[in-house]
Amino acid sequence: MNADTSFDFIVVGAGSAGCAVSAELANANAGTVCALEAGCSDRSAFVKTPFAIMFMMGSQKRDWRHVTTAQAALGHRTLKVPRGKMIGGSGSINSMVWFRGRCDDFDNWAVDGWSSKEVVPAFEEIEKRMTPQLLAHPHPVAQRFARALNSDGHCAPSPEQEGAGIFNVNMRSSKRWSPADAFLRPAQATGNLSVFSDTRVAKIVFTDRKATGVELTDGRRLTARKGVVLSAGSIESPAILMRSGVGPAAHLHSLNIKVVKDAPEVGRNLHDHPVIGLYHAGPNSGYGLTLRQLPQWAFAPFSYLLANKGPLASNLVEAGAFFNACARDEKPDVQVHFIPYKMGWRGRTKVWGSGYYADVGVCRPKSRGQLKLTSSDATAAPAIDLGLLTHPDDLTTLIAGFKRLRTILANAPFDERRAPEAFPAQQVSTDEQIEHYIRERLGTAYHPVGTLRMGTGDAPVSSRLQVRGVDNLWVADASVMPQITSANTNAPSIMIGFRAARIIAKDGKQ
Ligand SMILES: Cc1cc2nc3c(=O)[nH]c(=O)nc-3n(C[C@H](O)[C@H](O)[C@H](O)COP(=O)(O)OP(=O)(O)OC[C@H]3O[C@@H](n4cnc5c(N)ncnc54)[C@H](O)[C@@H]3O)c2cc1C
């Protein structure tokens, strides 16, 4: 970092939303902008290669490797909560599946200025830069799954109606095209934007109740003349805010943190898409480690580098579907992710044999959890209680979704690529057995949201993205979503960052 430690705006976190908000503040000439990222650079062929997601999840260097608290409804299991820790954030570690969400997701937020009509122009703008398009070379077994609910399977599925298809992905020439590529790096040319990786923010510095800068974990301080934007994601943004003294007063007192503003809702409303999977294994079905596929794997680097094809060009989550499992109304209530690769069901992802995997997840879960600090120490991991299955409707939807997904997989036109269900297989068939399987095996889609929801009244963040009760502090990331969108959350997070810049450029004053 150079000697200049004073900027107009400091953005904490250069993830999906952070890249968009930093870039758009710089492009709008709103002042000097500094984006601080705790993780490393994303300039690596490894990060660009879609299949490498398999190795980035769980990486010491690029994943925060958070875990949940023991989940009471899941036999007190803990679950992994991967989060990208590098420039581009989770947008540099994710599967690049692109969905805006349903239109009524935004209308149901019922937050001034965030209706579907108001967010659609922002999606249109960001899609010009992120250029999502159908995955170019899906595996033949994914192409067959894409015809499972509709005969052509040529267009991407949509959460607006039932259907299957190959997914739209934010890739260019079979390489990851992240928010850092689309927003952050081009905006550095304005001269208004400084980006620092390997720079972790410990807390926000308040003068009275006005955010005037940040303190780093190495003790250095940076000044923000117009304000600070928290874009550290749904796990770290509320944690930083609480460490800075904005959160539930009793909780902060218990950790000897000086209270700047009692904000009981900070960290509440944590939720994610719960998912349950079905594993299929059989020769010549999907990708996998088999003698027959050895030549394909041996040539994989060449087919990828020379023709942008082959297994390394696969983002794994190649296809999927939406359908209505419970028929409560017309809307699809579940999403399916289809992976044409043999996933291990005994805790390992790399196993011998070929196969495919599909999971079904609740589009609009009702269960809610809470995030709390475990210590005032800036490097201590927070306590992440996802509250999975605390609302009974989520379990009902999962049981119905599991049963229908199994029927869909049994009837999909896989033909000679068909592989039998290997796990949990037919010993799990009654509702009781399926419920037991779900409690033993439930995971998430890695879409945590909601810990700093925007709204009126008690909501910790206003519709103008300002943290209530303090000045010059905004939040722009997935944590502000009052309710999760009905599909994957990267595009909505980028949209929030993009729109935040216009709001903050207007509202931010020295
Ligand atoms: C494995 C995985 C697969 C996924 N697949 C998909 C998918 O295919 N499609 C999809 O739509 N969504 C997917 N998602 C979800 C999607 O990527 C996220 O919803 C989205 O990236 C969230 O954006 P964000 O800006 O809120 O947070 P992030 O992108 O996580 O950004 C937060 C940033 O803040 C940084 N940070 C945190 N704390 C500090 C600190 N103290 N100081 C400085 N910097 C800090 C982090 O390192 C990170 O770079 C996936 C997520 C994961 C983890």
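Data block above holds the structure.
Rules and cut-offs
- The residue numbers shown here count from 1 along each chain, following its written sequence.
- In keeping with the predicted nature of the model, local features appear solely for residues at pLDDT of at least 70, side-chain atom pairs appear and are counted solely at 80 or more, and the whole-chain, interface and lining totals rest on all residues.
- Side-chain calculation: all heavy atoms of the structure are included, whereas hydrogens and water are not.
- Helical segments are the DSSP runs of H or I of at least four residues, strand segments are the runs of E of at least two, and each set is numbered from the N terminus.
- Radius of gyration: over C-alpha atoms. The globule rule applied is 2.2 Å multiplied by the number of residues raised to the 0.38 power.
- With a 1.4 Å probe rolled over the protein chains alone, any residue whose accessible area is under 20% of its type maximum counts as buried; one over 50% counts as exposed, and the rest are partly exposed.
- It only takes one pair of heavy atoms within 4.5 Å for two residues to be counted as in contact.
- Here a polar contact means two N or O atoms within 3.5 Å. Within protein one must be a hydrogen donor candidate and the other an acceptor candidate, and residues neighboring in sequence count only if both atoms are side-chain atoms.
- An axis is simply a line fitted to the C-alpha atoms; with a helix, the fit covers only the stretch in contact. Between two such axes, the angle follows the N-to-C directions and lies from 0 to 180 degrees.
- By definition in this entry, angles of less than 35 degrees are roughly parallel, angles greater than 145 are roughly antiparallel, angles of 65 to 115 are roughly perpendicular, and the rest are oblique.
- Left-handed describes a crossing whose near helix is turned anticlockwise from the far helix by less than a right angle; the clockwise case is right-handed.
- A pair of strands counts as paired when DSSP detects no fewer than two bridges linking them.
- Being near a molecule or strand, for a residue, comes down to having at least one heavy atom within 4 Å of it.
- Using a 1.4 Å probe, accessible areas were evaluated by the Shrake-Rupley method; residue-level cover was limited to the displayed protein chains.
- When residues are grouped by polarity, Ala, Val, Leu, Ile, Met, Phe, Trp, Tyr, Cys and Pro land in nonpolar, Asp, Glu, Lys and Arg in charged, and all others, Gly among them, in polar.
- Only Phe, Tyr and Trp rings take part, Trp by its six-membered ring, and two of them pair if their centres are within 6.5 Å. Stacked means planes under 30 degrees apart, edge-to-face means over 60, and tilted covers everything else.
- A ring is scored as having a charge over it whenever the NZ atom of a lysine or the CZ atom of an arginine sits within 6 Å of its centre and within 35 degrees of its normal.

> I tried to follow the overall build of the protein chain on my own but got confused; where do I start?
Looking only at helices and strands, the protein chain has 14 helices and 26 strands in total. Here the C-alpha atoms of the protein chain give a radius of gyration of 22 Å, agreeing with the 24 Å that 2.2 N^0.38 yields for 510 residues. Considered along the principal axes of its C-alpha atoms, the protein chain spans approximately 70 × 50 × 40 Å. For the protein chain, the residues scored as buried account for 61% of the 510 residues in total.

> It is not clear to me how the environment of Val 317 should be interpreted in this structure. Could you clarify?
Relative to the assigned elements, Val 317 resides in the loop between α11 (300–307) and β19 (319–323). With ten residues separating them along the chain, Val 317 and Ala 307 place their C-alpha atoms 21 Å apart. Discounting chain neighbours no more than four positions away, the residues touching Val 317 are Ser 95, Val 97, Phe 167, His 337, Phe 338 and Ile 339.

> How should I be thinking about the side chain of Thr 451 in this particular structure?
Looking at the element boundaries, Thr 451 is found in the loop between β25 (443–444) and β26 (473–475). Using a relative accessible area of 0% as the deciding quantity, one classes Thr 451 as buried. Apart from the residues within four sequence positions on either side, Thr 451 is in contact with Ser 234, Pro 238, Glu 265, Val 266, Gly 267, Arg 268, Asn 269, Leu 270, Leu 371 and Ser 479.

> Explain the side chain of Ser 22 to me, please; I cannot follow it from the model alone.
Along the chain, Ser 22 falls in helix α1 (residues 16–27). Separated by 2.6 Å, the side chain of Ser 22 and the backbone oxygen of Gly 18 make a polar contact.

> Which parts of the structure should I look at to understand the packing of α1 against helix α14 (residues 490–507)?
Pairs of packed helices are described in terms of their axes, by the angle between the two and the distance that separates them. Orientation of α1 relative to α14, taken along the N-to-C sense of each, is 30°, at an axis distance of 7 Å. Relative to α14, the element α1 lies roughly parallel. Note on packing geometry: the crossing formed by α1 with α14 is right-handed. Residue-level contacts link Ser 16, Ala 17, Ala 20, Val 21, Glu 24 and Leu 25 of α1 to Asn 490, Ser 493, Ile 494, Gly 497, Phe 498, Ala 500, Ala 501, Arg 502, Ile 504 and Ala 505 of α14.

> So what exactly am I meant to see when it comes to the sheet that holds strand β23 (residues 383–385) here?
The strands making up a sheet are joined through hydrogen bonds of the backbone, oriented either antiparallel or parallel. As summarised here, the arrangement of the three strands in space is β16-β22-β23, forming an open sheet in which the pairing is antiparallel. Among the strands making up the open sheet, the edge pair consists of β16 (268–270) and β23. Strand-to-strand twist in this sheet, taken as the mean axis angle between neighbours without regard to direction, amounts to 35°. Sheet strands touched by helix α8 (residues 233–243): β22 (369–372) and β23. Its angle to β22, the strand with the most contacts, is close to 50°.

> Sorry if this is basic, but what is going on with the site of the ligand here?
Contacts to the ligand come from 39 residues, most closely from Ser 16, Glu 37, Ser 90, Thr 489 and Asn 490. At 2.8 Å from a nitrogen atom of the ligand is found a main-chain nitrogen or oxygen belonging to Val 97. Considering the ligand on its own, with 1000 Å² of exposed area, one finds that the protein chains cover 98% of that surface. Looking at the shell around the ligand, the elements that each hand over two or more residues are α1, α8 and α14. For the shell around the ligand, the element with the highest residue contribution is α8, accounting for three residues. Classifying every residue of the shell around the ligand by side-chain character gives 16 nonpolar, 17 polar and six charged.

> Explain the packing of aromatic side chains to me, please; I cannot follow it from the model alone.
The description of two aromatic rings rests on the distance between their centres and on the angle between their planes. Applying the stated criterion across every chain, the model contains 22 aromatic pairs. Their ring planes at 70° and their centres at 5.1 Å tell us that Phe 106 and Trp 109 sit as a pair that is edge-to-face. Here Phe 106 pairs with Trp 109, and both are found in helix α4 (residues 103–109), just three residues apart, close to one helical turn. The class of Trp 109 is buried, set by a relative accessible area of 4%. Where Tyr 279 meets Trp 345, the ring centres are 5.9 Å apart and the plane angle is 65°; that geometry is what we call edge-to-face. Here Tyr 279, found in strand β17 (residues 274–281), pairs with Trp 345, found in the loop between β20 (334–339) and β21 (353–362); they are 66 residues apart in sequence, far enough to count as distant. Comparing Tyr 279 with Trp 345 shows no difference in burial state: the two are buried. Members of the aromatic cluster, connected to one another through ring pairs, are Tyr 279, Trp 345, Tyr 357, Phe 402, Phe 423 and Tyr 437. Positioned above the aromatic ring of Trp 114, the side-chain terminus of Arg 499 is 4.5 Å from the ring centre.

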